Amino acid sequence: MEHKTERLVNDILDSYKEFDITNKIDSENMLSKDILIEVVEELRKLLFPGFFDNNRARSEYIKFLAGERLEFIQYHLRKQVAKALGNQELCSDCEKSEINKHAEKIVYEFLAKLCKIREYLYTDIKAAYNGDPAAYSTDEIIFSYPGLLTITVYRIAHELWLLEVPMIPRIMTEYAHSVTGIDIHPGAKIGKYFFIDHGTGIVIGETTVIGDNVKIYQGVTLGGLSTRKGQELKGVKRHPTIGDNVTIYSGTSILGGDTVIGNGATIGGNAFIVRSVPEGMTVRVKSPELEYSGGASDLFYGFGI
């Protein structure tokens, strides 16, 4: 039995050598997904004081509380950013002190953006409340709407993306994706008053541009026409541009980097769009025909696109 176990271990070790990209043995720059999730949750507490605390956030202690959270975020995020920078091939020969200094600068610049993030989130909450008759308070939106959770994490990750932090922004948005089923790439550019209603199954690609006052329902894809060229498409605009005051209803796919949805347009549900739509236009799929046959017990509803 011992010989069999030893053989299994040796086989696994051989596979580590053969499939080298699947392991990080002896790496000094191992990112911690768990710590990054903790950082995200602490950032949410900082952005929405009093909402996600276990105890009452008292005004006389809020300065101390904010400072304590900032210290936690700054310390752990700096270490993770340094590890992410150290993983880059361009920094393989960089001095550790140089990487740490650069990471500290990045984190400070990111933290300086928190007030801007709060401003954008304020507009997102207003858009959700004004746009959803099922919302009875802004508190309900902050506490329970998956769309706002995903937008919050996206807005955090996007600022890190703009600071050219590798890997970490994507880890953050994929955490939100795993929780809510809404997939927003941190590289997407999204304006103010952004409202995601219901949200499950939404996909927003890396080079998507979205204007102000845009509402998107569940199952919408803002994607690329094709990824067959793989890495050759890196840096190419391959996702659509959505103008201001646009509404996109559920199940719609809008594809392609040259596709522009003009200001004020409305896109009906289940549409498949690969060319631009002028300003103010409404696009809808022709109503499907319904077929009823037999008795009530075998009633058939036929759905089409």
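What you see is a predicted model, and the numbers here were worked out from it, not measured in a lab.

Draft legend 1. The environment of Val 277, seen in detail. Tracing the backbone through its elements, the reader meets Val 277 in the loop between strand 13 (272–273) and strand 14 (282–283). Sequence separation between Val 277 and Cys 115 is 162 residues, and the spatial gap between their C-alpha atoms is 35 Å. Not counting chain neighbours up to four residues away, the residues in contact with Val 277 comprise Val 260, Ile 261, Gly 262, Ala 265, Ile 267 and Val 283.

Draft legend 2. Focus on the nonpolar core. Ranked by size, the top nonpolar core spans 68 residues in total, and within it Leu 77, Met 172, Phe 194 and Ile 216 carry the most contacts. Contributing elements (two or more residues each) for this core: helix 2 (33–47), helix 3 (62–87), helix 4 (96–111), helix 5 (114–131), helix 6 (138–144), helix 7 (146–162), helix 8 (168–180) and strand 3 (195–197). Of all the elements, helix 7 adds the most residues to this core, at eight residues.

Draft legend 3. Broad picture of a nonpolar patch on the surface. Taken together, the side chains of Val 9, Ile 12, Leu 13, Tyr 16 and Ile 25 make up a nonpolar region of the molecular surface, amounting to roughly 430 Å² of accessible area. Checked against the element boundaries, Tyr 16 lands in helix 1 (residues 2–18).

Draft legend 4. How the structure looks around the confidence of the model for the chain. Averaged over all residues, the pLDDT of the chain equals 92, while 93% of them reach at least 70. Within the model, pLDDT remains below 50 along residues 299–305, and this stretch shows 11 contacts once partners closer than five positions in the same chain are excluded.

Draft legend 5. Representation of the sheet that holds strand 13. Strands sit in the order 1-4-7-10-13 across an open sheet of five strands; the sheet is parallel. With partners counted over all chains shown, the strands left at the sheet margins are strand 1 (183–184) and strand 13, one partner each. Inspection of the sheet shows strand 1 paired to strand 4 (residues 203–204) by two bridges, in the parallel sense. By the bridge assignment for strand 4, Asp 183 is matched with Val 203.

Draft legend 6. Molecular detail of the sheet that holds strand 2 (residues 189–190). On the basis of which strands lie adjacent, the open sheet formed by four strands has the order 2-5-8-11 and parallel pairing. If you trace the sheet from one side to the other, it starts and ends with strand 2 and strand 11 (260–261), each paired once. Where strand 2 and strand 5 (residues 209–210) come together, two bridges link them in parallel fashion. By the bridge assignment, Ile 190 is partnered in strand 5 with Ile 210.

Draft legend 7. View of the packing of aromatic side chains. Overall, the coordinates contain six aromatic pairs when judged by the stated rule. Judged by centre distance (6.3 Å) and plane angle (85°), the ring pair of Phe 48 and Phe 52 falls under edge-to-face. Seen from their ring centres, Phe 51 and Phe 52 are 6.4 Å apart, and the 45° between their planes marks the pair as tilted. Grouping aromatic residues by their ring pairs yields a cluster made of Phe 48, Phe 51, Phe 52 and Phe 143. If you follow Arg 44 out to its NZ or CZ, it ends over the ring of Phe 52, 4.2 Å from the centre.

Draft legend 8. Main features of the environment of Ile 190. Structurally, Ile 190 can be placed in strand 2. Among the residues examined, Ile 190 registers a relative accessible area of 8% and is labelled buried. Sequence separation of Ile 190 and Ile 106 is 84 residues, and the distance between their C-alpha atoms is 22 Å. If near-sequence neighbours (up to four positions away) are discounted, Ile 190 is found in contact with Tyr 120, Tyr 154, Arg 155, Ile 184 and Ile 210.

Draft legend 9. Summary view of unusual backbone geometry. The phi torsion at Asn 213 lies on the positive side, around 60°, for a residue other than glycine. A positive phi angle is found at Asn 270, which is not glycine, with a value near 65°. Within the secondary structure, Asn 270 is located in the loop between strand 12 (266–267) and strand 13. With a relative accessible area of 38%, Asn 270 lands in the partly exposed category.

Conventions we followed
Residues numbered from 1 in each chain as written. Predicted model: local features only at pLDDT ≥ 70, side-chain atom pairs only at ≥ 80, totals over all residues. Heavy atoms only, no water. Helix = DSSP H or I, 4+ residues; strand = E, 2+ residues; numbered from the N terminus. Contact = heavy atoms within 4.5 Å. Core = buried A, V, L, I, M, F, W, Y, C linked by side-chain atoms within 4.5 Å. Buried < 20%, exposed > 50% of the residue type's maximum accessible area, 1.4 Å probe, protein only. Patch = residues over 30% accessible without salt bridge, like charges linked within 9 Å, V, L, I, M, F, W, Y side chains within 5 Å. Areas by Shrake-Rupley, 256 points an atom, 1.4 Å probe, with all protein chains shown as cover. Salt bridge = Lys/Arg side-chain N within 4 Å of Asp/Glu carboxyl O. pLDDT = per-residue confidence, 0-100. Pairing = 2+ DSSP bridges. Phe/Tyr/Trp six-rings, centres within 6.5 Å; stacked < 30°, edge-to-face > 60°. Lys NZ or Arg CZ within 6 Å of the ring centre and 35° of its normal.

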